[in-house]
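Chain by chain, the residues run as shown.
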Amino acid sequence: MIGGALRDNALAGKTIVVTGGGTGLGKAMSTYLSLLGANIVIASRKIDVLEAAAVEIENHTGNPVLAIACDIRNMEEVESLYEAAISRFGKIDVLINNAAGNFISPTERLSAHAFSTIIDIVLKGTANCTLAFGKRWIENKQVANVLNIVTTYAFTGSGYVVPSAVAKGGVLTMTRSLAVEWGKYGIRHNAIAPGPFPTKGAWDRLLPGDLQEKFDFKNRVPLKRVGDHQELANLVAFLVSDYAGYINGEVITIDGGEWLQGAGQMNGLEAIEPERWDVIEQMIRNNNK
Ligand code: HXC
Ligand code: NAP
């Protein structure tokens, strides 16, 4: 069991809005940020899920968690989210764009509506929240930061999740662009690119049925394991805290080395049995003669 990385009350006095904060990784980060003393606002479409998560987190940490129903595709709902957070906590210090939609599919099977549904949630939803919050932060001269949750295929692209890859690539570009443009207002932008961290939301849509055994993520990771939610929460807490005050425009990968394993041309040689290396070495030495 991995523990928390930051000191007690490291985030006391901060208010943090986490989209998609009622489930999966969003819930894990909200729980740890709350444990560190922050006021938390969790926002997504399903209010019953959010309210249950808010009660659970509050009971665990003793700090306030506000649940707000908000479809981030709808700008009016995003504006209301901002207003609700302000009227409860007075100011917002951090926005974590964590909400996402995704499913695996050969791209040629997708309808135009299916493709745009993912773009609307991941790219436009993130833009909606960033714009609504950013405008007000700039107006009010509020120092703040945005943390975007992307994926490692935001760098590489990936088949079978093309709308998600396109959208996450766009979010990463937005992260780097606004880090520069809004740096002068004291607004930092960073991103995290997680590798495999089991959650019901992701696993139901990426590894349904027997795909879980057939396509075991552990085998793709040099460390031979999936991520622990607390490992991600620790990184999130650091990046949104004042300790990371000079980190701006960065994307931090947390994937046990997964994407590099896929990228390195000769990494497949891992499959060679160790005892064969004597023979291979000899063949190469002979060829040198
Ligand atoms: C093909 C599909 C489909 C599928 C939906 N559609 N599922 N097409 N294959 N499996 C099509 C529908 O037919 C419809 O198009 C369009 O997509 C919109 O579908 P709706 O169900 O109406 O959309 P909506 O209710 O808005 O739900 C959005 C959703 C859903 C993305 C489809 O799965 C959702 O709510 N997801 C939220 C949570 C989530 O996805 N979490 C995973 C994040 S994991 P038509 O043309 O028929 O109208 C992640 C991990 C990254 O990002 C990397 C991990 C390693
Ligand atoms: P998850 O539990 O399914 O989280 C997705 C969240 O987004 C849900 O809480 C969902 O809540 C919310 N959401 C979806 N559409 C929304 C909308 N239109 N408006 C508002 N909220 C919406 O999956 P997860 O694995 O924790 O994913 C969290 C983040 O990590 C995502 O950005 C994902 O891409 C990223 N990620 C995950 C992994 C992984 O291995 N798990 C790897 C890389 C990146 P509602 O249904 O209530 O709206």
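Residues numbered from 1 in each chain as written. Chains lettered and ligands numbered in written order. Predicted model: local features only at pLDDT ≥ 70, side-chain atom pairs only at ≥ 80, totals over all residues. Heavy atoms only, no water.

## Thoughts on the overall build of the protein
Okay, step 1: Scanning the protein for helices and strands turns up 11 helices and 7 strands.
Okay, step 2: Dimensions of the protein, computed from C-alpha atoms along their principal axes, come out at roughly 75 × 45 × 40 Å.
Okay, step 3: Across the 289 residues of the protein, 46% fall into the buried class.
Okay, step 4: In the protein, of all internal contacts separated by at least 6 residues, the share reaching a separation of at least 24 is 75%.
Okay, step 5: With 27 positive and 30 negative side-chain charges, the protein shows a spacing of 3 Å between the two charge centroids. (Helix = DSSP H or I, 4+ residues; strand = E, 2+ residues; numbered from the N terminus. Buried < 20%, exposed > 50% of the residue type's maximum accessible area, 1.4 Å probe, protein only. Contact = heavy atoms within 4.5 Å. Lys, Arg positive; Asp, Glu negative; His and termini not counted. Charge placed at Lys NZ, Arg CZ, Asp CG, Glu CD.)

## Some thoughts on the site of ligand 1
Okay, step 1: Around ligand 1, a shell composed of 17 residues is seen, among which Arg45, Asn102, Ser111, His113 and Arg205 lie nearest.
Okay, step 2: Between Asn102 and ligand 1, the recorded distance is 2.9 Å, taken from a backbone N or O atom to an oxygen atom.
Okay, step 3: Here an oxygen atom of ligand 1 sits 2.7 Å away from a polar atom, N or O, in the side chain of His113.
Okay, step 4: For ligand 1, the accessible surface in isolation is 1100 Å², of which the surrounding protein chains cover 61%.
Okay, step 5: Of all the secondary-structure elements, those providing two or more residues to the shell around ligand 1 are helix 4 (112–139) and helix 7 (200–206).
Okay, step 6: Taken together, the residues of the shell around ligand 1 break down into 7 nonpolar, 7 polar and 3 charged. (Near = heavy atom within 4 Å. Polar contact = N/O pair within 3.5 Å; in protein donor to acceptor, adjacent residues only side chain to side chain. Areas by Shrake-Rupley, 256 points an atom, 1.4 Å probe, with all protein chains shown as cover. Nonpolar A, V, L, I, M, F, W, Y, C, P; charged D, E, K, R; others polar.)

## Topic: empty space enclosed by the protein
To find the voids left in a structure, one rolls a probe of water-molecule size over its atoms.
Okay, step 1: The tally for this structure, following the rule as stated, stands at 1 cavity of 30 Å³ or more.
Okay, step 2: Considering the residues around the largest cavity, the lining is formed by Asn102, Phe103, Ser105, Leu110, Ile118, Tyr160, Val161, Pro163 and Ser164.
Okay, step 3: Taken together, the residues of the lining of the largest cavity sort by class into 6 nonpolar, 3 polar and no charged. (1 Å grid on protein atoms, 1.4 Å probe; cavity = no way out; pocket = protein on both sides within 12 Å on 5 of 7 lines; lining within 4 Å. Points joined across faces, edges and corners; volume = space filled by probe spheres on them.)

## Comments concerning the pattern of salt bridges
Okay, step 1: Following the criterion strictly, the structure yields 13 salt bridges and no others.
Okay, step 2: Note that Lys124 and Asp120 form a salt bridge whose closest N and O atoms lie 3.4 Å from each other. Here Lys124 and its partner Asp120 are both found in helix 4, 4 residues apart, which amounts to about one turn of the helix.
Okay, step 3: By relative accessible area, which is 23% here, Asp120 ends up partly exposed.
Okay, step 4: Among the salt bridges present, the one from Glu281 reaches Arg285, with a minimum N-O distance of 2.9 Å. On the criterion of helical spacing, the pair formed by Glu281 and Arg285 is a turn pair, its members being 4 residues apart in helix 11 (residues 277–288).
Okay, step 5: Each of Glu79, Glu83 and Arg136 takes part in one network of salt bridges that share partners. (Salt bridge = Lys/Arg side-chain N within 4 Å of Asp/Glu carboxyl O.)

## Some words on the sheet that holds strand 4 (residues 94–97)
Okay, step 1: Taking strand neighbours across the sheet as the criterion, the 7 strands line up as 3-2-1-4-5-6-7 in an open arrangement whose pairing is parallel. If you trace the sheet from one side to the other, it starts and ends with strand 3 (65–69) and strand 7 (251–254), each paired once. Across the sheet, the axes of successive neighbouring strands diverge by a mean angle of 20 degrees, strand direction being ignored.
Okay, step 2: Both strand 6 (residues 187–194) and strand 7 contribute to a ladder of 4 bridges, which runs parallel. Bridging across to strand 7, Ile192 finds its partner in Ile252. (Pairing = 2+ DSSP bridges. Axes fitted to C-alpha atoms, helices over the stretch in contact; angles between N-to-C directions.)

## Some points on the pairing of strand 5 (residues 144–149)
Okay, step 1: Strand 5 sits mainly inside the fold: 6 of its 6 residues count as buried.
Okay, step 2: Inspection of the sheet shows strand 4 paired to strand 5 by 4 bridges, in the parallel sense. Across the sheet, residue Ile96 finds its bridge partner in strand 5, namely Leu147.
Okay, step 3: At this point the chain moves from strand 4, through helix 4, to the parallel strand 5, and the crossover so formed is right-handed. (Right-handed = clockwise from strand over helix to strand, strands pointing away.)

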